[in-house]
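# Architecture at a glance
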Amino acid sequence: MNKVFPKDFKWGVATSAYQIEGGNNFSDWALWEEKMGIEKAGKACNSYIEYEKDIELLKKLNLNTYRFSIEWSRIEPKEGEWNLEALDYYKSLLKKLKIEGIEPFVTLFHYSLPQWVSEYKSFETKKIINYFKRFTEFVVENLGMDVKYWITINEPTVYASLGYISKQWPPGKKSYIKYFRVIKNLELSHIVSYKKINEIYKKYGWDKPSISIAQNNNDMVGKDIPSKIYIYFLKRIFSYSFLNKVKDYIDFIGLNVYFYTEIEFSLFKGFSSNLENKLPENDVKGWKIHPLSMYSLVKDVYNRYKKDIYITENGISLINDEKRGIYIKEYLEYLFKAIEEGIPVKGYFYWTLVDNFEWLNGYKAKFGLCYLDESNKRVIKNSGKYYASIVKRNSID
Ligand code: FCB
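Only a predicted model underlies this, so the values are computations on that prediction, with no experimental measurement involved. (Residues numbered from 1 in each chain as written. Predicted model: local features only at pLDDT ≥ 70, side-chain atom pairs only at ≥ 80, totals over all residues. Heavy atoms only, no water.)

### Observations concerning the overall build of the chain
Inclusion rule: Each helix corresponds to a stretch of at least 4 residues labelled H or I by DSSP, and each strand to a stretch of at least 2 residues labelled E; elements are numbered beginning at the N terminus. The size measure is the radius of gyration over C-alpha atoms, and the globule rule it meets is 2.2 Å times the number of residues to the 0.38 power. Categorising residues by exposure relies on relative accessible area from a 1.4 Å probe, with only protein chains included: less than 20% of the type maximum marks a residue as buried, more than 50% marks it as exposed, and the intermediate range marks it as partly exposed. Contacts are assigned to residue pairs that have any heavy atoms within 4.5 Å of one another. For accessible areas, the Shrake-Rupley method is used with a probe of radius 1.4 Å. Any residue's cover is judged against the shown protein chains and nothing else.
Each helix and strand counted, the chain has 13 helices and eleven strands in total. Relative to the compact-globule value of 21 Å for 397 residues, the chain shows a C-alpha radius of gyration of 20 Å, a close match. Once the C-alpha set of the chain is aligned to its principal axes, its extents read approximately 55 × 50 × 45 Å. Per-residue burial over the chain gives 58% buried out of 397 residues. Restricting to contacts in the chain with at least 6 residues of sequence separation, those with at least 24 account for 77%. Looking at the chain as shown, the accessible area adds up to about 16800 Å², and 53% of this sits on carbon and sulfur atoms.

### Re the packing of aromatic side chains
Rules: Two aromatic rings, drawn from Phe, Tyr or Trp (for Trp, its six-membered ring), form a pair once their centres lie within 6.5 Å of each other, and the interplanar angle then sorts them: stacked below 30 degrees, edge-to-face above 60, tilted otherwise. Only Lys NZ and Arg CZ are tested; either one counts as a charge over a ring when it is within 6 Å of the ring centre and within 35 degrees of the ring normal.
The full count for this structure, using the stated rule, is 53 aromatic pairs. Plain terms: the ring middles of Tyr111 and Trp169 are 4.5 Å apart, the flat faces sit at 65° to each other, and that makes the pair edge-to-face. Here Tyr111 is found in the loop between strand S3 (103-109) and helix H6 (115-119), whereas its partner Trp169 is found in the loop between helix H8 (156-164) and helix H9 (176-204), with 58 residues between them in sequence. Here the two residues Tyr111 and Trp169 agree in accessibility, since each one is buried. Through a chain of ring-to-ring contacts, the aromatic side chains of Phe5, Phe9, Trp11, Phe336, Tyr348, Tyr350 and Tyr387 assemble into a single cluster. Here Lys148 stacks its cationic end above the ring of Tyr149, 5.4 Å away from the centre of that ring. Its end group placed over the ring of Tyr240, Arg304 keeps NZ or CZ at 3.5 Å from the ring centre.

### Quick look at the packing of H9 against helix H10 (residues 225-246)
Going by this rule: Lines fitted to C-alpha atoms define the axes here, with helix axes fitted over just the stretch in contact, and angles between the N-to-C directions of these axes take values from 0 to 180 degrees. The hand of a helix crossing depends on one turn: near helix anticlockwise from the far one by less than a right angle means left-handed, and clockwise means right-handed. Throughout this entry, Asp, Glu, Lys and Arg are counted as charged residues, while Ala, Val, Leu, Ile, Met, Phe, Trp, Tyr, Cys and Pro are counted as nonpolar. The remaining residues, Gly among them, count as polar.
Packing of H9 against H10 brings their axes to within 10 Å, and their N-to-C directions diverge by 35°. The interaxial crossing formed by H9 with H10 has right-handed handedness. Here Tyr179, Phe180, Ile183, Lys184, Leu186, Glu187, His190 and Ile191 of H9 lie close against H10, whose contacting residues are Ile237, Phe238, Ser241, Phe242, Lys245 and Val246. Taken together, the residues of the contact of H9 with H10 break down into nine nonpolar, two polar and three charged.

### So, unusual backbone geometry
Put simply, Pro170 and Pro171 share a cis peptide bond, and its omega is 5°. Looking at the secondary structure, you find Pro171 in the loop between H8 and H9. We note that Asn46 has phi near 60°; this positive angle belongs to a residue other than glycine. Residue placement: Asn46 occurs in the loop between helix H2 (28-36) and helix H3 (47-60). Positive phi is not limited to glycine here, since Asn62 has a value of about 70°. Here Asn62 lies in the loop between H3 and strand S2 (65-69).

Take a look at the structure:
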């Protein structure tokens, strides 16, 4: 059978500014690295300087779409001070993408905040809503003419959980009250940003933009009745509550697919899960590889929200690149199955282009289709070549 994707399917890779650009010293993450004594992002992939080389890679991979983020702490390093050199950088990046015929998907907030915003307690207070609106306005006024697709916020529930429940990310707090407050302010920030983007496009008569968030859902399976009930509540809080609140302010669903967990209940241990279940080929990340999750998660969000879907991230971290291509293909097989059943999946972004700074794991996690060699030259891995061949044929046969 011919497994050919729809004619106008968008094939891409996803990145984020803090993870690839380098030199983002005004970010709250730079302070966090210092405070926790963890590996620093430093120069990252040096994409701020070498973005043209990234675009060359996109071309070699045959991609027609690229998801990247705008670094707020670079654009507005001090409160109300706009860095025009940074703006020029994003202008050049967009211009070059346009010349190459690559459609940008632009994220406004991908985990990293300006330090001055974190001094105002980040998303804990309502103040952020106006700051985020002003940032959106500056970016969209200046760059909007070259962008149709926007992701306002990357993985709101992951951001809030790691920063306000598990204490692993800035600001490293543990408070359920704060967690819910942050979620609320993320929702409101998204909504003001959504409205602002639309307003600007209308004002200039630009074609209507398409806007969403990127939601990271966990495919969870309960092995017994208590676990199934527990999962029902976990999903309500972590998978649907944010989308439910913003569903009238998104034009498509951006879905990040990584996690599969089996949950078990025992009287001695309570609920336990095996989110991390290292295969020999996994690197530090060890997230379970479970291609069927692609199908279950896509179906689940489609049944609930009935909107077009883009897989805004899906990636596998492996020490050895050998099996990455096969795994990507397996995830795509299940994506194809969903499309065949009539679910309007419009695009797929592999995470990520080049091995980059992976938050707490620093440079040890290797998600990339490409890597930097000792002389910092970008080199395409075999998985990159394999993905490029799928994209070229628009088919997984
Ligand atoms: C996602 C994040 C992205 C990257 C990948 C591995 O949850 O959005 O920045 O860290 O995981």
